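# Chain and residue survey
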Amino acid sequence: MNLDPRLYAVEERFCGVKRVIAVSGWKGGVGKSVVSCVLALQLAAKGRKTGLLDLDFTGASDHLVLGAEPAFPKETDGVEPHLLAHGLKFMSSAFFLGGKAVPMRGGEVVDALRELIAITRWGELDYLIVDMPPGIGDATLEFSRLVRKTEFLAVVTPSVLSASLAAKTVALFEEWGITLAGVVENLAPQDGGASSLAPALARVAYDPALESALGSPEALLKTAFAKDLSAAADRLV
Amino acid sequence: MHEWALVDSVVKAAEAVARESSLKTVGEIVLVLGELQSIDRQAVDTIFAELKARAAEPVRNARLVVESEPTVFKCRACGKTFAEKDCAALDPVEKEAVHFLPEAARVYIKCPACKSPDFKLEKGRGIYVREIRGEQ
Ligand SMILES: Nc1ncnc2c1ncn2[C@@H]1O[C@H](COP(=O)(O)OP(=O)(O)OP(=O)(O)O)[C@@H](O)[C@H]1O
Ligand SMILES: [Mg+2]
Ligand SMILES: [Zn+2]
């Protein structure tokens, strides 16, 4: 018969999580990871029980954005996410990879994703923010299949290369019955036109000081980037 | 023990199969442990005994048969089939990483013939259920 038992645990592992928001945008490099991390911090700072899951196995970066120690998680009846500033719970494959690059094909991404989901104990959360790798590939398909309540938050830039990919992906998701939680326009010029995708959650300008705040949750929360993004946290609660 | 979460998923799988196939009792669950993940077999037995006591009725008297599966890798670059013992031994921290997430092996293990990290785990990665037997 050959059953994968991990699949049978998924429902229970997420039953205490009210909203699961996958931060995507499908284009690479548009700011998904910085948006995921700062949004998760902002929700946690508002007193909402928040988790952050980095699902970009071959390009995990949230631990760098947040300055999280790449230590093994604590074992209980599974593994406990790391506890960061404002009680933010954080899980990443980076905890297991010793700071080294990990080459993975699609089936291996799916296996790693199932493993992480089956063993991580999130407990009660108001929000789980999930930082997705670019594309509509294995991680995106498997995660939205397994965790049916997943909503997507699209990060888009003013470039036609980002906007057109986001528009067609959103259309596909709509047809598919996947909820779009909203759109964050990143690297948006002050005076430029707004994205045609709705609902708009925030417009975030280029912040030259963001780079030097990476690695420190408190510094991140004080950036102009965070100030712009706070509209998204306000709209989600 | 993180084994707890894995054994819990096995019990949940047995409950689901019992429900779907209208089994009155599940007699036996055959669980395979891939050697790569170094799952503590004794822990599996202890946790299973604890969890089945509070499982759905059909699973309460199930017997767990645990089999071990040696790990087989196959290099996608040169085609060589190899085992963990053909590679440099992992240190305890690396082993622990692979125990949590078997894909971490992709960081620490390379094809012994051509050094490629692009290999397939043909057998013995982690846990799976080979068989759930019961009566209707
Ligand atoms: N509004 C902004 N102001 C300044 N820098 C930004 C801004 N948005 C993103 N960046 C920077 O751009 C780079 C790419 O961002 P990030 O890694 O979050 O993108 P991504 O979409 O997650 O990429 P990937 O597709 O690789 O996952 C980072 O160095 C990030 O700090
Ligand atoms: Mg990213
Ligand atoms: Zn080889």
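Residues numbered from 1 in each chain as written. Chains lettered and ligands numbered in written order. Predicted model: local features only at pLDDT ≥ 70, side-chain atom pairs only at ≥ 80, totals over all residues. Heavy atoms only, no water.

### Section: the packing of helix α1 (residues 3-20) of chain B against helix α2 (residues 41-53) of chain B
Residues and elements named next belong to chain B. Worth spelling out the cut-off: Note on method: axes are straight lines fitted to C-alpha atoms, helices fitted across the in-contact stretch only, with angles between N-to-C directions ranging 0 to 180 degrees. For the purposes of this entry, the term helix denotes a DSSP run of H or I that reaches at least four residues, the term strand denotes a run of E that reaches at least two, and both are numbered from the N terminus. The labels follow the angle: roughly parallel below 35 degrees, roughly antiparallel above 145, roughly perpendicular from 65 to 115, and oblique for the rest. Helix crossings get a hand from a simple test, with the near helix turned counterclockwise from the far one by less than a right angle marking a left-handed crossing and a clockwise turn marking a right-handed one. Contacts: residue pairs with any heavy atoms within 4.5 Å of one another. All residues other than Ala, Val, Leu, Ile, Met, Phe, Trp, Tyr, Cys, Pro, Asp, Glu, Lys and Arg, Gly among them, are scored as polar; the first ten of these are nonpolar and the last four charged.
Interhelical geometry of α1 versus α2 gives an angle of 50° and a closest axis separation of 9 Å. Here α1 is positioned oblique relative to α2, judged by the angle of their axes. Considering how the two elements wind past one another, α1 and α2 form a crossing that is right-handed. On the side of α1, the interface is formed by E3, W4, V7, D8 and V11, while α2 contributes V44, I47, F48, E50 and L51. Classifying every residue of the contact of α1 with α2 by side-chain character gives seven nonpolar, no polar and three charged.

### A look at helix α2 (residues 32-45) of chain A
All names here are of chain A. Threshold: By this rule, a helix spans an expected 1.5 Å times one less than how many residues it contains. Only protein chains enter the accessibility calculation, which uses a 1.4 Å probe. A residue is then buried if its area is under 20% of the maximum for its type, exposed if over 50%, and partly exposed in between.
With 14 residues, α2 should cover 20 Å at 1.5 Å per step; its first-to-last C-alpha distance of 20 Å lies within 8% of that length. Counting buried positions over the 14 residues of α2 gives 13, a clear majority of the element. Looking one or two residues past α2, G47 carries a phi angle of roughly 90°, positive in sign.

### Some details on the pattern of salt bridges
Here is the rule we go by: Here a salt bridge means any side-chain nitrogen of Lys or Arg lying within 4 Å of a carboxyl oxygen belonging to Asp or Glu.
Under the defined criterion, the tally for this structure stands at 28 salt bridges over all chains. A salt bridge links R63(B) to E28(B), with the shortest nitrogen-to-oxygen separation between them at 2.5 Å. With R63(B) in strand β2 (residues 63-69) and E28(B) in strand β1 (residues 25-34), this pair connects stretches of sequence that are 35 residues apart. Three or more residues are tied together by salt bridges with common partners; here these are D4(A), R6(A), D111(A), R114(A), E115(A), E142(A), R145(A), E103(B) and R125(B).

### A word on the site of ligand 1
All names here are of chain A. Selection criterion: When at least one non-hydrogen atom of a residue lies within 4 Å of a molecule or strand, that residue is treated as near it. Under the rule applied, a polar contact is a pair of N or O atoms within 3.5 Å (in protein, one hydrogen donor and one hydrogen acceptor; residues adjacent in sequence only if both atoms are side-chain atoms). In this description, accessible areas are obtained by the Shrake-Rupley approach with a 1.4 Å probe, and a residue is regarded as covered only by the protein chains that are shown.
In the vicinity of ligand 1 there are 18 residues, among which G29, K32, S33, N186 and D207 approach most closely. One of the backbone N or O atoms of S33 is found 2.8 Å from an oxygen atom in ligand 1. N186 has a polar side-chain atom sitting 2.8 Å from a nitrogen atom of ligand 1. Burial of ligand 1 by the surrounding chains reaches 76%, relative to a free accessible area of 640 Å². Elements that contribute at least two residues to the shell around ligand 1 include exactly α2 and α7 (210-213). Considering each element in turn, the shell around ligand 1 owes the most residues, three residues, to α2. Tallied by class, residues from the shell around ligand 1 come to nine nonpolar, five polar and four charged.

### A closer look at the confidence of the model for chain B
Spelled out, the test is: Here pLDDT means the predictor's own confidence in every residue, given as a number from 0 to 100.
When pLDDT is averaged along chain B, the result is 97; 100% of the residues meet or exceed 70. For this predicted complex, the interface confidence reaches an ipTM of 0.96, while the overall pTM sits at 0.97.

### What to know about the coordination of the zinc ion (ligand 3)
Residues and elements named next belong to chain B. Heads up, the condition is: Because no water is among the atoms considered, metal sites can look incomplete, with donors defined as N, O and S atoms within 2.8 Å of the metal, or 3.2 Å for Na, K and Ca. Only four donors with every angle between 85 and 135 degrees are called tetrahedral; only four or six donors with opposite donors over 155 degrees apart and all others between 65 and 115 are called square planar or octahedral, in that order; all others are irregular.
At the metal site, the zinc ion (ligand 3) is ligated by C75 (SG), C78 (SG), C111 (SG) and C114 (SG), and these contacts range over 2.3 to 2.4 Å. Taken together, the four donor atoms coordinating the zinc ion (ligand 3) span angles of 106 to 114° at the metal, a pattern that classifies the geometry as tetrahedral. In primary-sequence terms, the residues that donate to the zinc ion (ligand 3) follow C-x2-C-x32-C-x2-C. With C75 in strand β3 (residues 72-75) and C114 in the loop between α4 (105-108) and β5 (119-123), this pair connects stretches of sequence that are 39 residues apart.

### So, helix α9 (residues 224-236) of chain A
One full turn of an α-helix is made of 3.6 residues, so residues set three or four places apart face in the same direction. Residue and element names in this part refer to chain A. Note the following rule: Note on bend: the value at a residue is the angle between axes fitted to the seven residues ending there and to the seven starting there.
Relative to the 18 Å expected for 13 residues at 1.5 Å per residue, α9 spans 19 Å between its end C-alpha atoms, a close match to the ideal helical length. The largest bend in α9 is about 30°, located at S230. When α9 is considered as a whole, its buried residues turn out to be F225, A226, L229, A232, A233 and L236.

### Brief notes about a nonpolar patch on the surface
All names here are of chain A. The cut-off we apply is this: Only residues whose relative accessible area exceeds 30% and that form no salt bridge enter a patch; like-charged residues are grouped when within 9 Å of one another, and nonpolar side chains (Val, Leu, Ile, Met, Phe, Trp, Tyr) when within 5 Å.
Nonpolar side chains collect at one region of the surface, where I136, L141, L172 and W176 lie side by side and expose about 350 Å² of accessible area between them. Here I136 lies in the loop between β7 (125-131) and α5 (138-146). Taking the relative accessible area as the measure of exposure, I136 reaches 33% and is therefore partly exposed.

### A word on the sheet that holds strand β6 (residues 127-135) of chain B
Residues and elements named next belong to chain B. Put simply, the rule reads: Only strands that DSSP links by at least two bridges are regarded as paired with each other.
Ordered by their spatial adjacency, three strands build an open sheet running β2-β1-β6, and the pairing between neighbours is mixed. Since the sheet does not close on itself, it has two edges, and those belong to β2 and β6, each with one partner. If you compare each strand with its neighbour and ignore which way they point, the axes differ by 15° on average. The sheet contact formed by β1 and β6 spans eight bridges and is antiparallel. Across the sheet, the residue bridging to E28 is R133, located in β6. Where α1 meets the sheet, it contacts β1 and β6, and its direction lies at approximately 35° from that of β6.

### Overview of the sheet that holds strand β1 (residues 17-24) of chain A
All names here are of chain A. On the basis of which strands lie adjacent, the open sheet formed by eight strands has the order β5-β6-β2-β7-β1-β8-β9-β10 and mixed pairing. Looking at strand neighbours, the two that pair on one side only are β5 (82-83) and β10 (200-203), the edges of this open sheet. For strand β2 (residues 50-54) and β7, the ladder comprises five bridges, and the chain directions are parallel. In the sheet register, L52 faces β7, and the bridge partner there is I129.

### Quick notes on the environment of A194(A)
By the secondary structure assignment, A194(A) is in the loop between β9 (180-185) and β10. Between the alpha carbons of A194(A) and A101(A) there is a distance of 37 Å; along the sequence they are 93 residues apart.

### Considerations on the domain arrangement of chain B
In many analyses, interface size is given as the accessible surface area lost on bringing the parts together. All names here are of chain B. We count it as follows: In this entry, domain limits derive from an automatic or database-based domain assignment. Here's the idea: put two parts together, see how much 1.4 Å probe accessible area each one loses, and the total over both is what we call buried area.
Once the domains are mapped, chain B shows domain 1 (2-70 + 124-135) and domain 2 (72-122). Using C-alpha coordinates to define each centre, domain 1 is positioned 27 Å away from domain 2. The interface of domain 1 with domain 2 comprises eight residues on the first partner and 12 residues on the second. The contact between domain 1 and domain 2 buries some 920 Å² in all, and 56% of this surface belongs to carbon and sulfur atoms. The tally of links from domain 1 across to domain 2 stands at one salt bridge. A salt bridge links E103 to R125; the nearest nitrogen and oxygen atoms lie 2.7 Å apart.

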